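The chain contents come next:
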Amino acid sequence: TVPSTNATNDAPELSLTTPSAIPEGSATVGQLITTASATDEDGDTLTYRLDNTDGYYTIDATSGAVTLTQAGADLVNAGGDLPAVSVTVSDGSLT
């Protein structure tokens, strides 16, 4: 007799590329800041969500590309420091 097994949905594993420094005065809207990437052992379709609510970034839910908004570009160009990027990935069931 073959023992029965239960299929388990595993959470996706997320990583971010290291953001590069943007010199003051050179930031532009849509400039790539970092890219989130993930793997899912189950092969589920993954979607990315930006956890930052400060309005400095936007994310492509499919590719994980995180780019600057106008507010983010303005902050950098005024000499401010961007906050850390926080991203969540979901396989539709688990994050």
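> I'm lost on the nonpolar core in this one. Help?
The nonpolar side chains of a soluble globular protein tend to be buried with one another. In terms of nonpolar packing, the biggest core is built from 17 residues, with Val66 and Val87 touching the most fellow members. Looking at this core, the elements that each hand over two or more residues are β2 (32-39), β3 (47-50), β4 (57-59), β5 (65-68), α1 (70-77) and β6 (87-90). If one sorts the elements of this core by residue count, β2 sits on top with three residues. Leaving out residues up to four positions away in the same chain, Val66 has contacts with Gln31, Leu32, Ile33, Thr34, Leu50, Tyr57, Thr58, Ile59, Val85 and Val87.

> Before we go on, may I ask you to explain the environment of Thr62 in this structure?
Mapped onto the elements, Thr62 comes out in the loop between β4 and β5. The sequence separation of Thr62 and Asn9 amounts to 53 residues, and the corresponding C-alpha distance is 20 Å.

> Would you take a moment to explain the pattern of salt bridges for this structure?
Pairs can form between side chains of opposite charge once their charged atoms are near each other. Under the definition given, this model contains one salt bridge. As a salt-bridge pair, Arg49 and Asp51 come within 3.3 Å of each other at their nearest N and O atoms. Given a relative accessible area of 30%, Asp51 falls into the partly exposed group.

> It is not clear to me how the pairing of β2 should be interpreted in this structure. Could you clarify?
Within a regular strand, the side chains alternate between the two sheet faces. As judged from the four bridges shared by strand β1 (residues 13-16) and β2, these two strands associate in the antiparallel manner. Of the residues in β2, the one forming a bridge with Leu14 is Ala38. The pairing of β2 with β5 spans three bridges and is antiparallel. Each residue of the ladder has a partner; that of Thr34, found in β5, is Val66.

What counts and how
- Residue positions are given per chain, counted from 1 along the sequence in the order it is written.
- Confidence filtering applies because this is a predicted model: local features only for residues at pLDDT of at least 70, side-chain atom pairs given and counted only at 80 or more, and all residues used for totals across whole chains, interfaces and linings.
- With hydrogens and water stripped out, all remaining heavy atoms of the structure feed into the side-chain values.
- What makes a nonpolar core is a set of buried Ala, Val, Leu, Ile, Met, Phe, Trp, Tyr and Cys residues whose side-chain atoms join them at distances within 4.5 Å.
- For every residue, the accessible area (1.4 Å probe, protein chains only) is compared with the maximum for its type, and the residue is labelled buried under 20%, exposed over 50%, or partly exposed between those bounds.
- Secondary structure counts use DSSP, requiring at least four H or I residues in a row for a helix and at least two E residues in a row for a strand, with both numbered from the N terminus.
- For this analysis, residues touch if any pair of their heavy atoms sits within 4.5 Å.
- Whenever Lys or Arg places a side-chain nitrogen within 4 Å of a carboxyl oxygen from Asp or Glu, that contact is recorded as a salt bridge.
- Whether two strands pair depends on DSSP finding at least two bridges between them.

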